[in-house]
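What follows is each chain in one-letter form.
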Amino acid sequence: QVQLVETGGGLVQAGDSLRLSCAASGRTFSRYSMAWFRQAPGKERDFVAAITASGGSTYYADSVKGRFTISRDNAKNTVYLQMNSLKPEDTAVYYCAASTTGIMAFLTRESRMNYWGQGTQVTVSS
C-alpha cells in the first residue's frame, strides 16, 4: 500500500512558477514509476508528466513540454513537478499517481496507475 500526499498548489499569476511535491509513504517508493495528472473544471483528467522508478526516463504531455519538469528523490520518497511559465489554461487540480509499470507508454494512462493522491489545486490568473 502506498499513500500519496500532494502539496504546493496555490494561486499564481500567468508567467509565474510553482513547484508541486508528492510525498509517498512506505519503503517501496523507489520501485514505482510516478506520474502527474490534472483535471480542469468540467473536463476529464489528463496526463501531464511521468518518470520511471529510477528517474532515468521522463515523458511529458505536449501542452507542458519545455515548461514543466518532473523529478524525484527516492531518498525522500518524493516526486516533484516544477511548473514554469504558467498559463491560465494550466488551472486544474493536480494529482500524483504511482504505478508498478515501467513502460512509459502505459504511464500516460489513468488505468495503469495503482495509487492516487487526493490532489492539489493550482489556479493561474491572467
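The structure displayed is predicted, hence computed values, not measured ones.

Student: Please clarify how the sheet that holds strand 7 (residues 68-73) should be interpreted in this entry.
Tutor: In a beta sheet, neighbouring strands pair by backbone hydrogen bonds and run either parallel or antiparallel. In spatial order, the strands read 1-3-8-7; together these four strands make up an open sheet with antiparallel pairing. At either margin of the open sheet sits one strand with a lone partner, and together these are strand 1 (4-7) and strand 7. Averaged over all adjacent pairs, the angle separating strand axes in this sheet is 15°, with direction ignored. In the sheet, strand 3 (residues 18-24) pairs with strand 8 (residues 78-83) via six bridges, with the strands oriented antiparallel. Paired with Arg19 across the strands is Gln82, a residue of strand 8.

Student: I'm lost on the environment of Phe37 in this one. Help?
Tutor: With respect to the secondary-structure elements, Phe37 resides in strand 4 (residues 33-39). The spacing of Phe37 and Thr101 is 64 residues in sequence and 16 Å in space, taken between C-alpha atoms.

Criteria and cut-off values
- Residues numbered from 1 in each chain as written.
- Predicted model: local features only at pLDDT ≥ 70, side-chain atom pairs only at ≥ 80, totals over all residues.
- Heavy atoms only, no water.
- Pairing = 2+ DSSP bridges.
- Helix = DSSP H or I, 4+ residues; strand = E, 2+ residues; numbered from the N terminus.
- Axes fitted to C-alpha atoms, helices over the stretch in contact; angles between N-to-C directions.

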